[in-house]
Structures are given as structure tokens and as C-alpha cells.
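Here is how the chains run, residue by residue.
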Amino acid sequence: MEQATVSPHHWLVMGSSALLQSVATENYACYGGGGVPRYGFTPSTQPADPSILTVTLTLCAADGGARFALTGLELRYLEGTGQQMTWGGFDRARRLQVVWVWDYYRILSHIALRELLPLNEDEVEPEWRTAIEALRAVQSGDSVIFDVKSACGDIHQEHVLAAAPLEWTSEGKA
């Protein structure tokens, strides 16, 4: 199959905020993926790079059925302060960009998902098509769930979506 024609200026975007599942995220922020140091505690697996979160992202319909699941998504630490940490990643096969912000000051989790849209839908590979169709089907009340397994404690962060995603085009280019 030929490479799909895309414009870097045409995206499907959505975002949400929710109360931060704070205990495990704070532990992860302080101690990395290897876990909270404890007397006699040795994590069974040390992460190759503790600045990378390995996330299972699930997009669920309001009735609880999964629309889309992506396992093994790597989110890299981008920046942070004592009050906030930002993680980001891009799944190349699905052309999906993900940003996740942990805001300890406000005790909030913020997410943004951005799906690159092709100029010609006939050129789209199956994994990419599945992601586009799942995001286009999103409605108010659906949710995005992030799951991270860690020796610090598992992070299960759910964001209920207030609206369907929007098509976004920068500078009128598409």
C-alpha cells in the first residue's frame, strides 16, 4: 500500500480534565517507574527509562463498551515543575498524538488527543482507519482511560468527555 497523503495542518482533536488520581502519580513523579523505595523492596522489573510511561489508552462509549484500545503507548516526560508534569507521545501507526498533564496544584489531570487526518481516506492503513473511526464516533459522555502499571502503584485515570472531537485546520490549510 502506498503512503497516505497527509497535511500536517488537518487534525481531529479532543481534550478533557478530571480529578487527578494523585497517590500513584505523586509516587511516580518522586521515585520513577522503579517504585517507592522501601526497606527490603526490590522491584521485579526496572523500567529501561523511568522518564517513560507505558500506557494502555482505552476509548470507551458511555455504556462502557470499548471503542478503541491502544496498549504499549509510550509517553515521554516533556517538562515539569513542582506543581505540574507533562508527558507526551505519538503512535506512528495510528497517527495519534497524546499529551497528559498532571497538575498537583489543582489536583487535576488534563489530556489532549490529536488524530492526524488524511487528505485521501482511500489511502489509509487499517490501524490508522480504526483510530480515525473510533475518534469520529466519540460522543459526549464517552471516556478516555489511561492505565499505567508501576511499582509505585497502578495509575488508573479516567476522563469523561464533555463533547465530541472537533476537526481542526490551521491557517486554512487542509
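Refer to the structure printed above.
How each quantity is defined
Residues numbered from 1 in each chain as written. Predicted model: local features only at pLDDT ≥ 70, side-chain atom pairs only at ≥ 80, totals over all residues. Heavy atoms only, no water. Helix = DSSP H or I, 4+ residues; strand = E, 2+ residues; numbered from the N terminus. Buried < 20%, exposed > 50% of the residue type's maximum accessible area, 1.4 Å probe, protein only. Contact = heavy atoms within 4.5 Å. Areas by Shrake-Rupley, 256 points an atom, 1.4 Å probe, with all protein chains shown as cover. Phe/Tyr/Trp six-rings, centres within 6.5 Å; stacked < 30°, edge-to-face > 60°. Salt bridge = Lys/Arg side-chain N within 4 Å of Asp/Glu carboxyl O. Core = buried A, V, L, I, M, F, W, Y, C linked by side-chain atoms within 4.5 Å. Pairing = 2+ DSSP bridges.

1. Focus on the overall build of the chain
Thinking step 1. Scanning the chain from N- to C-terminus turns up two helices and nine strands.
Thinking step 2. For the chain, the N- to C-terminal ordering of α and β elements is β-α-β-β-β-β-β-α-β-β-β.
Thinking step 3. Within the chain, buried positions represent 43% of all 174 residues.
Thinking step 4. Of the contacts formed within the chain by residues at least 6 apart in sequence, a portion of 58% connects residues at least 24 apart.
Thinking step 5. As presented, the chain carries roughly 9400 Å² of accessible surface, and 52% of it is formed by carbon and sulfur atoms.

2. Points about the environment of valine 98
Thinking step 1. Mapping valine 98 onto the fold places it in strand 5 (residues 96–103).
Thinking step 2. Judged by relative accessible area, valine 98 falls into the buried class, the value being 1%.
Thinking step 3. Each C-alpha atom, one on valine 98 and one on leucine 57, is 9.7 Å from the other, the two residues being 41 residues apart in sequence.
Thinking step 4. If we skip the residues at most four places from it in the chain, valine 98 touches Leu57, Leu73, Leu75, Trp87, Gly88, Gly89, Ala112, Leu113 and Phe146.

3. Describing the packing of aromatic side chains
Thinking step 1. In this structure the tally under the stated criterion is four aromatic pairs.
Thinking step 2. Ring plane angle 70 degrees and centroid distance 5.4 Å describe the contact between tyrosine 77 and tryptophan 87, whose orientation is recorded as edge-to-face. In this pair, tyrosine 77 sits in strand 3 (residues 66–80) while tryptophan 87 sits in strand 4 (residues 84–91), placing the two residues 10 residues apart along the sequence.
Thinking step 3. The partly exposed category is assigned to tyrosine 77, whose relative accessible area is 35%.
Thinking step 4. With 4.6 Å between their ring centres and 20 degrees between their planes, tryptophan 100 and phenylalanine 146 make a pair best called stacked. Of this pair, tryptophan 100 sits in strand 5 while phenylalanine 146 sits in strand 7 (residues 143–148), and the two are 46 residues apart along the sequence.

4. Focus on the pattern of salt bridges
Thinking step 1. Under the defined criterion, the tally for this structure stands at eight salt bridges.
Thinking step 2. Notably, a salt bridge pairs aspartate 142 with arginine 67, separated by 2.8 Å at the nearest N-O pair. With aspartate 142 in the loop between helix 2 (126–136) and strand 7 and arginine 67 in strand 3, this pair connects stretches of sequence that are 75 residues apart.
Thinking step 3. Overall, the relative accessible area of 1% leaves aspartate 142 in the buried class.
Thinking step 4. With relative accessibility at 28%, the residue arginine 67 sits in the partly exposed group.
Thinking step 5. Across the salt bridge formed by aspartate 91 and arginine 94, the nearest N and O atoms sit 2.9 Å from each other.

5. Some words on the nonpolar core
Thinking step 1. By size, the foremost hydrophobic cluster in this structure holds 38 residues, and its most contacted members are Leu53, Leu57, Leu59, Leu75, Trp100, Trp102 and Phe146.
Thinking step 2. In terms of residue count, the dominant contributor to this core is helix 2 (five residues).

6. So, the pairing of strand 5
Thinking step 1. Of all eight residues that make up strand 5, six are buried, and the element is covered over most of its length.
Thinking step 2. The pairing of strand 4 with strand 5 spans eight bridges and is classified as antiparallel. Bridging across to strand 5, threonine 86 finds its partner in valine 101.
Thinking step 3. Where strand 4 hands over to strand 5, the hairpin turn is made up of four residues, of which arginine 95 adopts a positive phi near 55 degrees.
Thinking step 4. Here strand 5 pairs with strand 6 (residues 108–118) via eight bridges, running antiparallel. Looking at strand 6, one finds that valine 101 is bridged to histidine 110.
Thinking step 5. From the end of strand 5 to the start of strand 6, which pair antiparallel, there are four residues, and isoleucine 107 there has a positive phi angle of about 55 degrees.

Nothing here speaks to function; it is geometry throughout.
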